[in-house]
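# A structural walkthrough
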Amino acid sequence: MAASKKAVWGPLVGAVDQGTSSTRFLVFNSKTAELLSHHQVEIKQEFPREGWVEQDPKEILHSVYECIEKTCEKLGQLNIDISNIKAIGVSNQRETTVVWDKITGEPLYNAVVWLDLRTQSTVESLSKRIPGNNNFVKSKTGLPLSTYFSAVKLHWLLDNVRKVQKAVEDKRALFGTIDSWLIWSLTGGVSGGVHCTDVTNASRTMLFNIHSLEWDKQLCDFFGIPMEILPHVRSSSEIYGLMKAGALEGVPISGCLGDQSAALVGQMCFQIGQAKNTYGTGCFLLCNTGHKCVFSDHGLLTTVAYKLGRDKPVYYALEGSVAIAGAVVRWLRDNLGIIKTSEEIEKLAKEVGTSYGCYFVPAFSGLYAPYWEPSARGIICGLTQFTNKCHIAFAALEAVCFQTREILDAMNRDCGIPLSHLQVDGGMTSNKILMQLQADILCIPVVKPSMPETTALGAAMAAGAAEGVNVWSLEPDDLSAVTMERFEPQINAEESEIRYSTWKKAVMKSMGWVTTQSPESGDPSIFCSLPLGFFIVSSMIMLIGARYISGVP
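Figured I'd write up the structure that's included with this text. As the structure is a prediction and not an experimental result, all values here were calculated from the model.

### Brief notes about the pattern of salt bridges
Scanning all chains against the criterion turns up 32 salt bridges. The residue Asp334 makes a salt bridge to Arg333 at a minimum N-O spacing of 2.6 Å. Residue Glu485 pairs with Lys448 through a salt bridge whose shortest N-O separation is 4.0 Å. One end of the pair, Glu485, is in strand β23 (residues 484-487); the other, Lys448, is in strand β22 (residues 446-449), and 37 residues separate them in sequence.

Here's what the structure looks like:
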């Protein structure tokens, strides 16, 4: 066995995949795109108040180093020489906002995660300052004014955190999304670290003009952001700097893509009209629109897809963003205790094969595309005394599929040409019940690559193809053929439409829950904004638990 592994000499390319729930480091053979080894570490999320979501930037950085070291150890056990790793790409959760001190290297506050809702009142007050006949924010950025994006999070930090204010006054502060924080730290940090980002991540800050591909002074002034704290914007595929520590010291970091753009590249959606859907903490459907910005009339975002080289053209995408997908499984595990492991949800759903009229709208952070409705909150409705945890598990999986259907419908209307199939990737795609449900609800085939790590693969491709590295060819004839698993619809379209229309009814009921206060007010009480469905489910779970303990069948 060791002898056969010795044949895998490379060149190899590594990829940091830093997501909301976990960090991973993966190593690929650049000639075959084969995944050779990887290591994963789960990341903690902190919820200091209702609607607030934070992470520790130092924990994120340490997890990257740990994953690199452990993966290199595993490669050694496979008799693969790590000196064959010629480049490293970075893929990251987008919009999550970090401010740090460039002199000490210390974060000045926790990372404010993309899901965070504390800026709702900021969004409301800023919205009133945008002229109705000239939405310059959307026309320049492709984005609706929302708590989702970095500019309002950074605005909040500058207004509310004295350490951040002082560091800005003293010219010590640096801002970045997670990619910037990692690249700065990995390339030396306080000792010459490179402060940069790529066009895909920059396009998610709401400070970046997606037409000129530059930071925009009007936007920065509008959000009250000093331009000197922003990272230098680079393409998605070029050498940014060298690793300055650890097992891969001296290896160039030469690829950088926001996670959804990385998945688009990893799925090889290089042609106009090709689309992919990634099932992670959230759910993100991107469609390549080529060199042209296509603006949506149906609640989708216009974003930068990729720019694979300094002198290469930029590609754009339409994107539908769902805040809660895999996060609903984590919620069932960590908050309600319905499951002990994330994988267990498939088993529960399979036991019943139906939600039995139960519908789950997991609007924990409001509703993203196509509604952009921050007042929404999660509800579970259609409950009866017959409903049990298996039905709720099934309804949770259905919710992911219904949300994807809403985005796909919007994308079909914007593009005018309905998708004939949907390419999928991400951690949740290992759930066969989910994939079959998705095909049934969309009424089109769902196609999954046999190697689902397409986000990391995209980052590796960008890194390996960079000028000065040149170990990964992106020419169509050179790209490795990928084997696919295909899920065909198994229910009739009429039944699918009935279920979908009932889901839409539930979505309408989820809206308008937060009407008396903003999460930004800091009131830790959650009871005024949690819908009745939550209390019904909590009571039901306690009742089931009590019956279980007492031996009542």
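Read on for the rest.
### Overview of the packing of helix α10 (residues 259-266) against helix α15 (residues 454-465)
Look at α10 against α15: their axes get within 7 Å of each other, and the N-to-C directions meet at 80 degrees. Judged by the inter-axis angle, α10 sits roughly perpendicular to α15. Taking contact as the criterion, the partners of Asp259, Ala262, Ala263, Val265 and Gly266 in α10 are, on α15, Thr454, Thr455, Leu457, Gly458, Ala459 and Met461. Among the residues making up the contact of α10 with α15, the classes are represented as six nonpolar, four polar and one charged.

### A short note on the sheet that holds β22
Strands sit in the order β17-β18-β16-β15-β21-β22-β23 across an open sheet of seven strands; the sheet is mixed. On the outer flanks of this sheet lie β17 (301-306) and β23, each paired with one strand and no other. Here the strands of the sheet are splayed against their neighbours by 30 degrees on average, with no regard to which way each runs. Taken strand by strand, helix α14 (residues 432-442) contacts β15 (275-279), β21 (422-425), β22 and β23, and its axis lies near 55 degrees from that of β23.

### Observations concerning the environment of Thr454
By the secondary structure assignment, Thr454 is in helix α15. In this structure, the C-alpha to C-alpha distance between Thr454 and Ile345, residues 109 residues apart in sequence, is 23 Å. Among residues more than four places away in sequence, those in contact with Thr454 are Ala262, Ala263, Gly266, Gln267, Asp425 and Pro449. Separated by 3.2 Å, the side chains of Thr454 and Asp425 make a polar contact.

### Observations concerning unusual backbone geometry
The linkage connecting Ala369 with the following residue, Pro370, adopts the cis geometry, with an omega of -5 degrees. With respect to the element layout, Pro370 can be found in the loop between β19 (359-361) and β20 (379-381). The backbone phi angle of Asn470 is positive, close to 50 degrees, even though this residue is not glycine. Looking at the element boundaries, Asn470 is found in the loop between α15 and β23. For Asn470, a relative accessible area of 55% gives the class exposed.

Here is what the cut-offs are and how they apply
Residues numbered from 1 in each chain as written. Predicted model: local features only at pLDDT ≥ 70, side-chain atom pairs only at ≥ 80, totals over all residues. Heavy atoms only, no water. Salt bridge = Lys/Arg side-chain N within 4 Å of Asp/Glu carboxyl O. Helix = DSSP H or I, 4+ residues; strand = E, 2+ residues; numbered from the N terminus. Axes fitted to C-alpha atoms, helices over the stretch in contact; angles between N-to-C directions. Parallel < 35°, antiparallel > 145°, perpendicular 65-115°, else oblique. Contact = heavy atoms within 4.5 Å. Nonpolar A, V, L, I, M, F, W, Y, C, P; charged D, E, K, R; others polar. Pairing = 2+ DSSP bridges. Polar contact = N/O pair within 3.5 Å; in protein donor to acceptor, adjacent residues only side chain to side chain. Buried < 20%, exposed > 50% of the residue type's maximum accessible area, 1.4 Å probe, protein only.

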